[in-house]
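Observations on the model geometry
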Amino acid sequence: MEVLIIGLGSIAAKHIAALRAVDPGVTISALRSGEGGDVDGVTNVYDLKTLSARPGFIIISNPTQLHAETILSVLDLNVPLFIEKPPLHTLDLADGIKQKIAQQHLLTYTACNLRFHPCIEFLKKNLGGKRINEVNVYCGSYLPEWRPGKDYKNIYSANKEMGGGVHLDLFHEMDYTCWLFGHPVASKGFISNRSSLNIDAADYANYLLEYPGFNASVILNYYRRKPQRTIEILLDSETWTIDLIKNTVVTDSGELLFGAPDFKIMDTYINQMRYFIDCRAANSAPMNSFAEAVKTLNITLKYE
């Protein structure tokens, strides 16, 4: 299998490792701008016209603000697209891209690897039929510690024009909320950057999602010193607390409903890649297509 990857940052390294775990014989090429060092086992190309063979699929993992032009530039190759989340940083070109993808019947997948977290998979399998009264999703961590050795104010996460902002970086939370419970019938939101981080991009986001029988809140921030990534689901008879760092699902009485003590986050990247490759082999449309991800992104960006 031959794969073309566009963008060789930290997330690309995870996708490359996942590719090699799923298919040790994979051949990987990277479209480069001429800058940056070589990556072991990856062939650099500097023009799509010089590709030695048509790739089996393309991974788009460059900065988010480049996704739209990158997707448009590779559509003529007519090969499946594996697009790192979020799919875009604005909705300006979303409708046109969706139309082109639909016209070509192109297989697309937006990479939200937390759908493959065992706790999220547990919820997907076990929430059916239960009466939900309220859902509270929270994710907070400290941006200056995300990339040790780098000034956090200079990375894309901190800069709006580079596609940064907590609502885009932590798109996972909105994605798995919509995946687990469906898209809301209405929403409200508030986004700001008023913390002591003093950055250009949003460092706080708060969404209220309205469903026919309950409400869900999604709160995100860049400034929490001790990371927390949790979901609280209030059922009729008990409350479940899901900890995506400890990998546990616990009731309010202390009962452990589910735990994955040996789980590593890299597992989600491997399982995600295996899922996508299997879909491609079967010519079966994956979940979370570009169009589906844009529908979720519309909620995320609506309150900028």
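Refer to the structure printed above.
Residues numbered from 1 in each chain as written. Predicted model: local features only at pLDDT ≥ 70, side-chain atom pairs only at ≥ 80, totals over all residues. Heavy atoms only, no water.

Note that strand β1 (residues 2-6) and strand β2 (residues 27-31) share five bridges and pair parallel. Across the sheet, the residue bridging to V3 is I28, located in β2. In terms of handedness, the path from β1 via helix α1 (residues 10-22) over to β2 forms a crossover that is right-handed. For β2 and strand β3 (residues 42-45), the ladder comprises four bridges, and the chain directions are parallel. (Pairing = 2+ DSSP bridges. Helix = DSSP H or I, 4+ residues; strand = E, 2+ residues; numbered from the N terminus. Right-handed = clockwise from strand over helix to strand, strands pointing away.)

What follows is about the layout of surface pockets. In this structure, the largest pocket spans a volume of roughly 1600 Å³. In this structure, the largest pocket is lined by 46 residues; those nearest its centre are S10, I11, R147, Y156 and D169. Those elements that place two or more of their residues in the lining of the largest pocket are α1, β7 (132-142), α5 (166-169) and β11 (223-235). Within the lining of the largest pocket, the residues separate by chemical class into 20 nonpolar, 17 polar and nine charged. As a volume, the second largest pocket reaches approximately 160 Å³. Lining the second largest pocket are R224, K226, P227, Q228, R229, T230, D243, I245 and K246. With six residues, β11 is the largest single contributor of residues to the lining of the second largest pocket. Class assignment of the residues belonging to the lining of the second largest pocket gives a composition of two nonpolar, two polar and five charged. (1 Å grid on protein atoms, 1.4 Å probe; cavity = no way out; pocket = protein on both sides within 12 Å on 5 of 7 lines; lining within 4 Å. Points joined across faces, edges and corners; volume = space filled by probe spheres on them. Nonpolar A, V, L, I, M, F, W, Y, C, P; charged D, E, K, R; others polar.)

Moving on, we get to the sheet that holds strand β8 (residues 186-192). Spatially, eight strands are ordered β8-β9-β10-β7-β11-β12-β13-β14 in an open sheet, and the strand pairing comes out mixed. Two strands close off the open sheet at either side, each with one partner strand: β8 and β14 (256-259). Going across the sheet, the axis of each strand differs from the next one's by a mean of 15°, ignoring polarity. The strands touched by helix α4 (residues 118-126) within the sheet are β11, β12 (239-243), β13 (248-251) and β14, with β12 carrying the most contacts at an inclination of about 150°. (Axes fitted to C-alpha atoms, helices over the stretch in contact; angles between N-to-C directions. Contact = heavy atoms within 4.5 Å.)

This part takes up the nonpolar core. Counting residues in hydrophobic clusters, the biggest one holds 68 residues, and the most contacted among them are I231 and I233. The dominant element in this core, judged by the number of residues it contributes, is helix α6 (residues 171-181), at six residues. Sequence-distant contacts of I233, defined by excluding residues within four places in its chain, comprise L123, L127, I132, E134, V135, F181, E238, T239, W240 and I242. Within the second largest apolar cluster, 25 residues are counted, among which are L4, I60, I71 and V79. (Core = buried A, V, L, I, M, F, W, Y, C linked by side-chain atoms within 4.5 Å. Buried < 20%, exposed > 50% of the residue type's maximum accessible area, 1.4 Å probe, protein only.)

Orientation of α6 relative to helix α8 (residues 290-301), taken along the N-to-C sense of each, is 120°, at an axis distance of 10 Å. The pairing of α6 with α8 is recorded here as oblique in orientation. The element α6 and its partner α8 pack so that their crossing is right-handed. Contacts between α6 and α8 pair F171, M174, D175 and C178 from the former with A293, T296, L297, I299 and T300 from the latter. Taken together, the residues that form the contact of α6 with α8 break down as six nonpolar, two polar and one charged. (Parallel < 35°, antiparallel > 145°, perpendicular 65-115°, else oblique. Left-handed = near helix turned anticlockwise from the far one by under 90°.)

Purely geometric stuff here, so don't read any function into it on its own.
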